[in-house]
Amino acid sequence: MIRLVGFFEPLMRAYVDMDYLNEHPIILSGEKYQQNNGRIPPSSYQEEIKQTIDASK
């Protein structure tokens, strides 16, 4: 049914294209990134939120 609606509604078409993400969970570990770019130092949520707010001022 959603596939049929997707012919007329672009948002539903995109949903059909991305529906596989709901069927099979994806685990992002960052392992490939670290192999290519090195380890990323962890940061706290509080510090990142503060930096984001400061940058938006």
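Residues numbered from 1 in each chain as written. Predicted model: local features only at pLDDT ≥ 70, side-chain atom pairs only at ≥ 80, totals over all residues. Heavy atoms only, no water.

**A word on the overall build of the chain**
Secondary structure assignment for the chain yields five helices and zero strands. By the compact-globule yardstick of 10 Å for 57 residues, the chain is too spread out, its C-alpha radius of gyration being 19 Å. Along the longest, intermediate and shortest principal axes, the C-alpha atoms of the chain span 45 × 35 × 15 Å. With 57 residues in all, the chain has 4% of them scored as buried. When the accessible surface of the chain is summed, it comes to about 5,800 Å², and 60% of that surface belongs to carbon and sulfur atoms. (Helix = DSSP H or I, 4+ residues; strand = E, 2+ residues; numbered from the N terminus. Rg over C-alpha atoms; globule rule 2.2 N^0.38 Å. Buried < 20%, exposed > 50% of the residue type's maximum accessible area, 1.4 Å probe, protein only. Areas by Shrake-Rupley, 256 points an atom, 1.4 Å probe, with all protein chains shown as cover.)

**Observations regarding a nonpolar patch on the surface**
A surface patch of nonpolar side chains, amounting to about 650 Å² of accessible area, comprises M1, L4, V5, F7 and F8. Its place among the elements puts L4 in helix α1 (residues 2-6). (Patch = residues over 30% accessible without salt bridge, like charges linked within 9 Å, V, L, I, M, F, W, Y side chains within 5 Å. Salt bridge = Lys/Arg side-chain N within 4 Å of Asp/Glu carboxyl O.)

**Some points on the pattern of salt bridges**
Overall, the coordinates contain two salt bridges when judged by the stated rule. Of the charged contacts in the structure, one is a salt bridge between D54 and K50, with a shortest N-O distance of 3.0 Å. Here K50 and D54 lie together in helix α5 (residues 45-56), a separation of four residues that amounts to about one turn. When the shortest N-O distance is used, the salt bridge between D54 and K57 registers 4.0 Å.

**Brief notes about the confidence of the model for the chain**
Here the chain averages 85 in pLDDT, and 100% of its residues register 70 or above. α1 is the least confidently modelled element of the chain, averaging 74 in pLDDT, while α5 averages 93, the highest of any element. (pLDDT = per-residue confidence, 0-100.)

**What about α5?**
Taking 1.5 Å of rise per residue, twelve residues should cover 16 Å, and α5 covers 17 Å from first to last C-alpha, within 8% of that figure. Little of α5 is tucked away, with zero of its twelve residues classed as buried. (Expected span 1.5 Å × (residues − 1).)

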